[in-house]
Amino acid sequence: SILRAQLPGRPTKDCLFVDPSRDGKSLLKIWNINKHNGILGAFNCQGAGWCQIDKRNKVHDASPNTITGSIHALDIDLLADVADIDWAGDCAVFSYKAGELIWLPKSAALPVTLNVLEFEIFTVAPIKNLAPGIAFAPIGLLDMFNAGGAIEHLEYLSSLPQYKDADVFGVVEEKWGPECLSESSSPLAVMKMKVRGCGQFGIYSSKEPKHCSVDAIKTDFTHDPASGLVKLVLPATEKEWHKWDVKIEF
């Protein structure tokens, strides 16, 4: 199924008073929001545009230049609405075509270089501090344009009192019982998500998880310590609109 975002796509504020098809220097950037992260597309549309005289699209530059621009977390206007109430502004940014995950600090810019008619799509996820040394951000299905559209619900549990406050992720701590904890010892933190779709699923984690499970079955995963990208595979299912229960334990 199509992973639709919550709103119509909208240009970023810095695109409103430039001409990304004619000025030879600007990228077109379009943002949207999911339930738990945002999406930002960057496009090099230089070289052709609407002609006011001929009333049609015309090529005005047969050899447009490569353009370098930048993206910021706050290019997505409503990102703070899906973040934790005490969000510090840091984000995990996953680039669809490059397949790279980057920590983007608050107010920092990520350079983007595109040839004509090239594009890149970024999933921008607010980073949540779960416990000392454990930071987390939900990305989604890595092979889809709108990766974060796969995440329908997200909640967390921390065993440390100062991290237990309910937030916009929809935490209801009473839901968590002993069955959520490992048999050997209680985890410091647990993330639980409902996800639709199949394929490679990714999250950002500053620390390697102890366990990952899908529908209560432990599953293999990989963790890249350099980027923090955790990958696991959601299998295909014949059930229409099935939502996987994905649990990450630290």
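Just so you know, these numbers come straight off a predicted model, no measurement behind them.

Rules used in this analysis
Residues numbered from 1 in each chain as written. Predicted model: local features only at pLDDT ≥ 70, side-chain atom pairs only at ≥ 80, totals over all residues. Heavy atoms only, no water. Pairing = 2+ DSSP bridges. Helix = DSSP H or I, 4+ residues; strand = E, 2+ residues; numbered from the N terminus. Salt bridge = Lys/Arg side-chain N within 4 Å of Asp/Glu carboxyl O. Buried < 20%, exposed > 50% of the residue type's maximum accessible area, 1.4 Å probe, protein only.

Caption draft 1: Broad picture of the sheet that holds strand β11 (residues 128-131). Strand order in this open sheet of five strands is β11-β12-β15-β19-β18, and the pairing throughout is antiparallel. Where the open sheet ends on each side, the last strands, each with one partner, are β11 and β18 (222-223). Note that strand β12 (residues 134-141) and strand β15 (residues 199-205) share five bridges and pair antiparallel. From the neighbouring strand, P138 faces β15, where its bridge partner is I203.

Caption draft 2: Broad picture of the pattern of salt bridges. One pass over the structure, following the stated rule, counts eight salt bridges. A salt bridge links R22 to D19; the shortest N-O distance between them is 4.0 Å. When its relative accessible area of 29% is taken as the criterion, D19 is described as partly exposed. Residue K29 is joined to D75 by a salt bridge in which the shortest nitrogen-to-oxygen separation is 3.1 Å. In this pair, K29 sits in strand β2 (residues 28-33) while D75 sits in the loop between β6 (67-71) and β7 (91-95), placing the two residues 46 residues apart along the sequence. Each member of the salt-bridge network shares a partner with another, and the members are D14, K29 and D75.

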